[in-house]
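# Working through the structure, step by step
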Amino acid sequence: MYNLRIVLLLLFVLNYFGDNSIAQTRIYSKKEITKLTDQASQYFKDANFEKSLDISKLALRSAIDANDLYAIAISYITIAANYAEMAEFDKAIFFYNKSLFYADKTNNDILREKINNNLGNIYCFEKKQYVKGIKFYENSLKYSQKLADTNQVFMTKLNIAWAYFDIGRFEKGLPSLEFINKYNKKHGDETTTVALNMLNAMYYGYKENHNKATLFFLNAIKFGNKGNEKSDLSFAHLEYSKYLLKKGDHKKAYENLERYNAITDELYNKEKLDKASVAGINLELDEYKREIDKIEIEKKTQLQSLEKSKTIVLLFIIIFLVLLLLLYSLFKNNNYRKKTNAELSETNRELIIAKEKAEEASVLKSQFVSTISHELRTPLYGVVGITNMLLDEHKELAHSPHLSSLKFSARYLLSLVNDILQINKIEDNRIILENLTFNISDEINMIKSSLSFIAKTNDNVVQVNVDPNIPEYLIGDKLRLSQIIMNLVSNALKFTKKGEVSINVNLVRVEGKSHFLEFKIQDNGIGIHATDQEKVFDKFVQISRKETDYQGTGLGLSIVKQLLGLFNSDISLESAIGKGTSFKFVIAFEFNPARTTEIINNIQVDVSSTQVVNVLVVEDNHINQVITRKTIEKNNYKCSVVDNGYAALEILEKENFDVILMDINMPLINGFETTRKIRLKGIDIPIVALTAFDKAEIIEEALSAGINDIIIKPFDSIKLFEIISILISKPKSIS
């Protein structure tokens, strides 16, 4: 019955296309593309999966070049059907979803009807995810009814009844059973007779109407023996065995169970023989998914100019230089601390002098941390802002993996800068984890992409293995998790050459809504000596691995350990010299679909207001001026920019504004003093401090000066517009 469901869609495909296959050396015409897709479908029908996939790949590439959305959808359907027949159900789901995406773009209800039905089959009867599968059936039913496709309505209703009965929800499946009983003579045939009799028998068995249940079971078995629906016949014997066992007729129950096993073995052996014929191409098939993913971006990649490539490289260089500056600053700070400790030890007898020096050192350290925090955040604001500007102004770069990795790395570097400079806050548990919804596979693959340069440097391969039982969306602090994994993977890549680093994520247990995931980062590098394994998590410790070219601050694993403490987790280490190292830890994340939807909805910000908002930006840094202006004007706000506080006071005499974005660290007159002068003039326009200083350092002075709110650079534009929207909607008053 399952094979019938899959073939139905391919038979539909055959009705639309011709027959030809040639090497792709030019742009194919629509007629030629349809012939390719038809040939791929025919090869599938003949169970020649290798040829079908080869032709499908050529058809897909040609359809993408020709921007033929319908042919793209058909090609993905054929690929998905091939994988379903070979029991590669995860790949089949992936490509069916691809085809559904393009079917939606073409608004083709016939395609959407078939794809949803096939996805329902896989989720219900192969993945055993009945809720998800039934949802796909209901979508298929909606399109069938819209198209008045009564035959497909009949088949989908049969599938829905079977799915509900399979999980014991007979009353829920009863309306579908009544429908197919009513229209069986009109739309049923020999392929549905066995299943229909079996479903009626199951229902009457549930209602304890033994005469009817027995009659329908025997009819299902009789028709199954006469026809070719051996799979449905096996299920009829299985369900009849369960029914007889419930009645206490153990002998007949055993006989039917034996018959079920015999038919299943026969089908299984045939399947083994079928699969043996394609064993030689399995390795090649495993590569198709990755190749097809590249096809859609290949055309845009070829059109990128040299200047755009140079821009991306330049941004990578800027990130690298900022990182070098951070490492140099940390090195100087470490040396300064050592020197200060030595001086304090030498003057220990003079308590008063030692106390004064300790207080001076503390002040200098605070000033250093504040200064370096400001100086690092300022260029990072430029990097993040320019990256976003590139994405906005050059839409062709939207799918660039390099630019995506750059954006991710810049934001990761910003978070890393904050955590390193505030490591004392981590130790004091003053950092609170965020609850955001995320997809674990997406996060891991983004990390893999961001570290591809390091991997290539040492000729390493990064493998990702994510347990398919992990829910699609979880709730937790995805940024802190990314920091942990990125530190561990980059550390493994540094100490491995021409080897392999694997990232493994497995679902180990579920407690209520908490899903406990085990993360294992493993390499086959040079390893860590047993005597050094307890030291690697200490701050500023670098363990020699008999190499001289490894660099780093010695903070990476220390930060990992402290961040895991925030998750109430710990990390274990196994290593042997010359064999490699593995790190393992477990973190619990929440799985709550309702809350996930709420979080996603809360992220959305209404920036479509027609209200004209006039914004004054007071900022002395010219790069920051450009970025802030672009961000403001992108939201259809009016924007004026001045270089200092005196210029702000002057323009406020001439023009009215709805909100002021005020930099704090400016020459001539700082943001606090500028705000005080504005308030003394009786101007009650909302003022938002847009600064690279830590919020905790300036909040008291900001409030006393008359500033309404504070946002730290680099900032989230959505958060900025939320604050502006809230402030301008309130009666004007100083907070």
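Model, not experiment: these values are computed from the prediction. (Residues numbered from 1 in each chain as written. Predicted model: local features only at pLDDT ≥ 70, side-chain atom pairs only at ≥ 80, totals over all residues. Heavy atoms only, no water.)

## Some thoughts on the overall build of the protein
In plain terms, the rule: Each helix corresponds to a stretch of at least 4 residues labelled H or I by DSSP, and each strand to a stretch of at least 2 residues labelled E; elements are numbered beginning at the N terminus. The classification of residues rests on relative accessible area computed with a 1.4 Å probe and restricted to protein chains. Under 20% of the type maximum is buried, over 50% is exposed, and intermediate values are partly exposed. Should any heavy atoms of two residues lie within 4.5 Å, those residues are considered in contact. The protein chains shown are the only cover counted for residues, whose accessible areas, like all others here, come from Shrake-Rupley with a 1.4 Å probe.
On a plain count of helices and strands, the protein comes out with 29 helices and 12 strands. Out of the 735 residues belonging to the protein, those deemed buried represent 47%. Across the protein, every contact between residues at least 6 apart in sequence was considered, and the portion connecting residues at least 24 apart equals 67%. Taken as a whole, the protein presents about 37300 Å² of accessible surface, with 52% of it coming from carbon and sulfur.

## A few points about unusual backbone geometry
Among all residues save glycine, negative phi is the norm, and among peptide bonds the norm is trans. Despite not being glycine, Ala87 shows a phi value in the positive range, around 65 degrees. The topology assignment puts Ala87 in the loop between helix 4 (69–85) and helix 5 (89–106). By relative accessible area, Ala87 is classed as partly exposed at 29%.

## Describing a nonpolar patch on the surface
Note the following rule: A patch consists of residues exposed above 30% relative accessible area that lack any salt bridge, with like charges linked at up to 9 Å and nonpolar side chains (Val, Leu, Ile, Met, Phe, Trp, Tyr) linked at up to 5 Å. Each salt bridge in this description consists of a side-chain nitrogen of Lys or Arg and a carboxyl oxygen of Asp or Glu lying within 4 Å of one another.
Side chains of Val313, Leu314, Ile317, Phe320, Leu321, Leu323, Leu324 and Leu327 sit close together on the surface and give an oily, nonpolar patch of about 680 Å² of accessible area. Turning to its location among the elements, Val313 is positioned in helix 16 (residues 306–346). Here Val313 falls in the partly exposed class, since its relative accessible area comes to 47%.

## With respect to helix 27 (residues 671–680)
Applied cut-off: Working note: the arc is built from the helix axis to C-beta atom directions. Counting of polar contacts relies on pairs of N or O atoms within 3.5 Å, with two restrictions inside protein: one atom must be capable of donating a hydrogen and the other of accepting it, and residues adjacent in sequence are counted only when both atoms are side-chain atoms.
Residues of helix 27 that are buried: Gly671, Phe672, Thr674, Thr675, Ile678 and Arg679. Taken end-on, helix 27 shows its buried residues confined to a sector of 160 degrees, consistent with a single buried face. Elements in contact with the buried residues of helix 27: helix 26 (645–654), strand 10 (659–662), strand 11 (687–691) and helix 28 (695–705). Where helix 27 starts, the residue carrying a side-chain oxygen 3.1 Å from the main-chain nitrogen of Phe672 turns out to be Asn670. After helix 27 finishes, the residue Gly682 shows a positive phi value of roughly 80 degrees.

## Topic: the pattern of salt bridges
Evaluated as defined, the whole model comprises 17 salt bridges. Its salt-bridge partner being Lys207, residue Glu171 comes within 3.9 Å of it at the nearest N-O pair. In this pair, Glu171 is assigned in helix 9 (residues 170–182) and Lys207 in the loop between helix 11 (190–206) and helix 12 (210–226), connecting sequence segments 36 residues apart. By relative accessible area, Glu171 is classed as partly exposed at 42%. Each member of the salt-bridge network shares a partner with another, and the members are Asp104, Asp109, Arg112 and Lys146.

## Let's talk about the packing of helix 4 against helix 5
Axes are the key here: two packed helices are described by the angle between their axes and the distance separating the axes. For the record, the criterion: Axis geometry follows a simple rule: fit a line to the C-alpha atoms, using only the stretch in contact for helices, then measure angles between N-to-C directions, giving values from 0 to 180 degrees. Oblique is the label for any angle not covered by the other classes, which are roughly parallel (under 35 degrees), roughly antiparallel (over 145) and roughly perpendicular (65 to 115). Crossing handedness: left-handed means the near helix sits turned counterclockwise from the far one by under a right angle, and right-handed means the same turn made clockwise. When residues are grouped by polarity, Ala, Val, Leu, Ile, Met, Phe, Trp, Tyr, Cys and Pro land in nonpolar, Asp, Glu, Lys and Arg in charged, and all others, Gly among them, in polar.
With their axes 8 Å apart at the nearest point, helix 4 and helix 5 run at an angle of 165 degrees to one another. Taken together, the axes of helix 4 and helix 5 lie roughly antiparallel to each other. Judged by the twist between their axes, the crossing of helix 4 over helix 5 is left-handed. Facing Leu69, Tyr70, Ile72, Ala73, Tyr76, Ile77, Ile79, Ala80, Ala81, Tyr83 and Ala84 of helix 4, the residues of helix 5 in contact are Phe89, Lys91, Ala92, Phe95, Tyr96, Lys98, Ser99, Tyr102, Ala103, Lys105 and Thr106. Considering only residue class, the contact of helix 4 with helix 5 consists of 17 nonpolar, 2 polar and 3 charged.

## Points about the pairing of strand 4 (residues 500–511)
Applied cut-off: Each pair of strands is called paired provided DSSP finds at least two bridges between the two strands.
Both strand 2 (residues 461–466) and strand 4 contribute to a ladder of 6 bridges, which runs parallel. Within strand 4, the residue paired with Val461 across the bridge is Glu500. Turn length for the strand 4-strand 5 (residues 514–523) hairpin, with the two strands adjacent in sequence and antiparallel, is 2 residues, and the turn residue Gly512 shows positive phi of about 65 degrees.

## Description of the environment of Leu158
Along the chain, the position of Leu158 falls in helix 8 (residues 150–166). The class of Leu158 is buried, set by a relative accessible area of 0%. A sequence separation of 37 residues divides Leu158 from Ala195, and the C-alpha atoms of the two residues are 8.2 Å apart.

## A few points about the nonpolar core
What counts here: For the purposes of this section, nonpolar cores are sets of buried Ala, Val, Leu, Ile, Met, Phe, Trp, Tyr and Cys residues that join through side-chain atoms within 4.5 Å.
The biggest cluster of nonpolar side chains holds 40 residues, and the ones touching the most others in it are Ile72, Tyr83, Tyr96, Leu111, Ile115, Leu119 and Ile122. Taken together, the elements giving at least two residues each to this core come down to helix 2 (30–45), helix 3 (49–65), helix 4, helix 5 and helix 6 (109–125). It is helix 4 that contributes the most residues to this core, 12 residues altogether. Aside from chain neighbours lying at most four places away, what touches Leu119 is Ile93, Tyr96, Asn97, Leu100 and Phe136. The next biggest cluster of nonpolar side chains, apart from the first, holds 39 residues, and it includes Leu474, Val501, Val536 and Phe585.

## Regarding the confidence of the model for the protein
As a general rule, the predicted coordinates of low-pLDDT regions are not to be interpreted in detail. Condition: pLDDT: the predictor's confidence for each residue, scored from 0 to 100.
Looking at the protein, pLDDT values average 80 and 78% of them are 70 or higher. Note that pLDDT drops below 50 for residues 545–553; the model gives that stretch 19 contacts with residues more than four away or on any other chain. Within the model, the stretch residues 604–608 combines pLDDT values under 50 with 4 contacts to residues more than four positions away or in other chains.

## Concerning the sheet that holds strand 12 (residues 709–712)
Read across the sheet, 5 strands follow the order 9-8-10-11-12 without closing on themselves; strand pairing throughout is parallel. Both outer strands of the open sheet, strand 9 (638–642) and strand 12, are each paired with one neighbouring strand and no more. Each strand axis lies, on average, 20 degrees off the axis of its neighbour in the sheet, ignoring direction. When strand 8 (residues 614–618) meets strand 9, the two strands line up parallel, connected through 5 bridges. The partner of Val618 across the bridge, within strand 9, is Val642. Helix 26 rests against strand 8, strand 9 and strand 10 of the sheet, and its axis sits at about 155 degrees to strand 8. Contacts from helix 27 reach strand 10 and strand 11, with the element oriented near 155 degrees to strand 10.

## Digging into helix 8
Keep this limit in mind: Each residue after the first adds 1.5 Å to the expected span of a helix.
If you check helix 8, its first and last C-alpha atoms are 24 Å apart, about what 17 residues at 1.5 Å a residue would give, namely 24 Å. The element helix 8 is extensively covered by neighbouring structure, given that 14 of its 17 residues are classed as buried. Following helix 8 by one or two positions, Gly168 has its phi on the positive side, about 80 degrees.

## Some remarks on the packing of aromatic side chains
Defined as follows: Stacked, tilted and edge-to-face are the three classes assigned to paired rings of Phe, Tyr and Trp, where Trp is represented by its six-membered ring and a pair needs centres within 6.5 Å; plane angles under 30 degrees give stacked, over 60 edge-to-face, the rest tilted. In our convention, an over-ring charge means Lys NZ or Arg CZ found within 6 Å of a ring centre and within 35 degrees of that ring's normal.
All chains considered together, the criterion is met by 23 aromatic pairs. Ring geometry for Tyr76 versus Tyr102: centroids 6.0 Å apart, planes at 20 degrees, classification stacked. Remark: Tyr102 occurs in helix 5 and Tyr76 occurs in helix 4; sequence separation between them is 26 residues. For Tyr102, a relative accessible area of 8% gives the class buried. With 6.2 Å between their ring centres and 65 degrees between their planes, Phe567 and Phe589 make a pair best called edge-to-face. Linking Phe567 in the loop between helix 23 (556–566) and strand 6 (571–576) with Phe589 in strand 7 (residues 580–590), this pair joins segments that are 22 residues apart in sequence. Note on accessibility: Phe567 and Phe589 belong to one class, buried. The cationic tip of Lys142 hangs over the ring face of Tyr143; the distance from NZ or CZ to the ring centre is 4.9 Å. One residue, Lys222, lies across the ring of Phe223, its end atom 5.0 Å from the ring centre.

## Section: the environment of Asp68
By the element assignment, Asp68 lies in the loop between helix 3 and helix 4. For the pair formed by Asp68 and Thr106, sequence separation is 38 residues and the distance between their alpha carbons is 9.6 Å.

## Some thoughts on the packing of helix 7 (residues 130–147) against helix 8
Packing of helix 7 against helix 8 brings their axes to within 9 Å, and their N-to-C directions diverge by 160 degrees. The orientation of helix 7 with respect to helix 8, classified from their angle, is roughly antiparallel. Crossing of helix 7 against helix 8: the hand is left-handed. Along its contact with helix 7, which presents Tyr130, Ile134, Tyr137, Glu138, Ser140, Leu141, Ser144 and Gln145, the element helix 8 presents Gln152, Val153, Thr156, Lys157, Asn159, Ile160, Ala163, Tyr164 and Asp166. Here the residues of the contact of helix 7 with helix 8 sort into 8 nonpolar, 6 polar and 3 charged.

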